[in-house]
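# Observations on chain architecture
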Amino acid sequence: MDNGSSDDWTAPGAFEVAPGVYRVPLPLPNDGLRAVNVYVLRHGDDLVLIDSGWAIAEARAALDTALEKLDFSVKDVRRFLVTHVHRDHYAQAVHLRREFGMQVSLGAGERRNLELTIAPDQDPMADQLHRLRLLGAGDLADRLSTIATDSELTKDFELPDDWLHDGDEIVHGDRTLHAVETPGHTRGHVVFHDTESHLLFAGDHVLPAITPSIGFEPVLSANPLGDFLGSLALVRQRPDARLLPAHGPVTPSVHARVDELIAHHGARLDETEAAVVRGAHSAHQVASQLRWTRRALKLTDLDVFNRMLAVSETAAHLDLLVAQGRLTRTDVDGLRCYLDV
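Here goes a summary of the coordinates provided. None of the values given here were measured: they were computed from a predicted structure.

In the sheet, strand β1 (residues 15-18) pairs with strand β2 (residues 21-27) via 3 bridges, with the strands oriented antiparallel. Following the sheet pairing, Phe15 is matched in β2 by Arg23. The antiparallel hairpin formed by β1 and β2 contains 2 residues in its connecting segment, where Gly20 sits at a positive phi of about 80°.

Quick look at the structure:
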């Protein structure tokens, strides 16, 4: 049985999490997240997979090898249940569906952003770059605009076969998964709760060692961090379960990690408010005063992509502080300014 050792969670293979459930780590084309866990649910002669991996040759080969160890192949996959639309979770499902025709399911809240992403006349990064300039990170937006040509989007993204809604039940043999809408990391993120087996397939909503990025997608909700914290509270109210995350080892308790995440964001909100009180007014200025990752890096120590995520996440914290009445917000000459009350 997979005990989720943090030392080897990225090692290739098929690791049994529970009877008939296997964790399959798949490689990613960058080093940041190291790998993505795909979960294989086995019943009789067919498989259901939760998430699919990035559509790269290395991930396909690792998936093929893992399924062969279970005496299956990708031809035996009946359905993909995808927690959210990010490429490391969704793209390989799109490619395999073209080849084998299996069903692909995605949270209904992803529809607007996915349709925008695949629109033929849409610049996939236009909204994010405009937002970065509004947040005071014009130089960062200019740098990104020279490298943000993503011609692969039309290849890696299509609409799913069906949209999942909160409360949907997915039956696979004697197993019932409850779809739970958990907006925050993305607007349409869902988790799958197997209450009988005490398992939560958490996607990126609850991760054991890092916090998911917040506030980075073409069309944002009015308060993405508020959405995320509300989704954490919702999951906290459900029966506790083993945490089966998309990135990182399996851990014993969803509730324990949710409590840590809520505490982290509470402290981060205080740090963010303090930066504004000291005189930082744009999200970029505030992000420059904060420290990032467990190594307490400065914003300038991060690569360009992670700097963009940091500024976007800072804006999400600032907007929640506005919603809580702890700060005010105003747009002046194309710059969003946050002020102490």
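Time to look at the packing of aromatic side chains. Counting across every chain of the model gives 3 aromatic pairs. Each ring, one from Tyr39 and one from Phe201, has its centre 5.5 Å from the other, and the planes form 70°; the classification is edge-to-face. In this pair, Tyr39 is assigned in strand β3 (residues 35-43) and Phe201 in strand β11 (residues 199-203), connecting sequence segments 162 residues apart. For the pair formed by Tyr39 and Phe201, the shared burial category is buried. Measuring from ring centre to ring centre gives 6.1 Å for Phe216 and Phe305, while their planes differ by 90°; the resulting arrangement is edge-to-face. Of this pair, Phe216 sits in the loop between β11 and α7 (224-237) while Phe305 sits in helix α10 (residues 304-323), placing them 89 residues apart in sequence. Phe216 gets classed as buried once you look at its relative accessible area, which sits at 17%. Here Phe305 falls in the partly exposed class, since its relative accessible area comes to 43%. Cation over ring: Arg268 sits above Trp292, and NZ or CZ is 4.4 Å from the ring centre.

Here the focus is the nonpolar core. Ranked by size, the top nonpolar core spans 48 residues in total, and within it Leu132, Leu140 and Val311 carry the most contacts. At 10 residues, the largest contribution of residues to this core is made by α10. Here Val311 is in contact with Leu132, Leu135, Ala137, Leu140, Ala283, His284, Ala287 and Leu299, once residues within four sequence places are set aside. In this structure, Tyr22, Phe72, Val74 and Leu96 belong to the second largest nonpolar core, which totals 34 residues.

With that out of the way, let us pick up the sheet that holds strand β7 (residues 162-164). Judged by pairing direction, the sheet is mixed, and its 7 strands sit side by side in the order β1-β2-β3-β4-β5-β6-β7 without closing on themselves. The open sheet has two edge strands, β1 and β7, and neither has a second partner. With direction set aside, neighbouring strand axes in the sheet form an average angle of 30°. Here 3 bridges tie strand β6 (residues 103-107) to β7, and the two strands are oriented parallel to one another. Counted as the bridge partner of Gly107 is Leu164 from β7. Strand contacts of helix α1 (residues 57-69): β2, β3, β4 (46-50) and β5 (77-82), with the helix running at about 155° to β2, the strand carrying the most contacts.

Across the 6 residues of β5, 5 count as buried, placing the element largely inside the fold. This β-α-β element, β4 to α1 to β5, shows right-handed connectivity. Judged from the 4 bridges that link them, β5 and β6 form a sheet pairing that is parallel. Each bridged residue has a counterpart across the sheet, and for Val82 the counterpart in β6 is Leu106.

Criteria and cut-off values
- Residues numbered from 1 in each chain as written.
- Predicted model: local features only at pLDDT ≥ 70, side-chain atom pairs only at ≥ 80, totals over all residues.
- Heavy atoms only, no water.
- Pairing = 2+ DSSP bridges.
- Helix = DSSP H or I, 4+ residues; strand = E, 2+ residues; numbered from the N terminus.
- Phe/Tyr/Trp six-rings, centres within 6.5 Å; stacked < 30°, edge-to-face > 60°.
- Buried < 20%, exposed > 50% of the residue type's maximum accessible area, 1.4 Å probe, protein only.
- Lys NZ or Arg CZ within 6 Å of the ring centre and 35° of its normal.
- Core = buried A, V, L, I, M, F, W, Y, C linked by side-chain atoms within 4.5 Å.
- Contact = heavy atoms within 4.5 Å.
- Axes fitted to C-alpha atoms, helices over the stretch in contact; angles between N-to-C directions.
- Right-handed = clockwise from strand over helix to strand, strands pointing away.

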